[in-house]
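Below, each chain spelled out in residue letters.
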Amino acid sequence: HVDGDAVDWLSMIYMAVYPVVFAPASHYVEADGALHKGLRVAAAAQAVGALLRWASCASRSFALLVTGQALCAAAQGITLGAPPRIAATWFAENE
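Residues numbered from 1 in each chain as written. Predicted model: local features only at pLDDT ≥ 70, side-chain atom pairs only at ≥ 80, totals over all residues. Heavy atoms only, no water.

Enquirer: Would you mind going over the overall build of the protein with me for this structure?
Expert: For the protein, the count of helices and strands is four helices and zero strands. When the helices and strands of the protein are placed in sequence order, the string is α-α-α-α. Relative to the 2.2 N^0.38 estimate, which gives 12 Å for 95 residues, the radius of gyration of the protein is 16 Å and therefore markedly larger than a compact globule would have. Considered along the principal axes of its C-alpha atoms, the protein spans approximately 60 × 20 × 20 Å. Taken over 95 residues, the protein has a buried fraction of 24%. Within the protein, contacts between residues at least 6 apart in sequence are counted, and of these 69% link residues at least 24 apart. A total of about 6400 Å² of accessible surface is found on the protein, and carbon and sulfur atoms cover 67% of it. If you average the places of the 5 positive and of the 7 negative side-chain charges in the protein, the two averages end up 13 Å apart. (Helix = DSSP H or I, 4+ residues; strand = E, 2+ residues; numbered from the N terminus. Rg over C-alpha atoms; globule rule 2.2 N^0.38 Å. Buried < 20%, exposed > 50% of the residue type's maximum accessible area, 1.4 Å probe, protein only. Contact = heavy atoms within 4.5 Å. Areas by Shrake-Rupley, 256 points an atom, 1.4 Å probe, with all protein chains shown as cover. Lys, Arg positive; Asp, Glu negative; His and termini not counted. Charge placed at Lys NZ, Arg CZ, Asp CG, Glu CD.)

Here's what the structure looks like:
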């Protein structure tokens, strides 16, 4: 049995992890050539997090679910910082 507050943290973990991850991730993505690598790492982390969440259904492990959710939340810190960098590299300065 899992109490309601623990279930609430499944969504709130994104808001708790984002401020911690966003600043270092956006600094990393700003480096030359790091955008592609950062997005690949984020995609891999999202995939592993999704697999952990899926595996938590079979094992009925709430801890595994929270771990997968936290990993996806950390990966989102990278992906949400990428669009400004993509726009800056895609468009010329005069556009």
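From this point, things continue past the structure.
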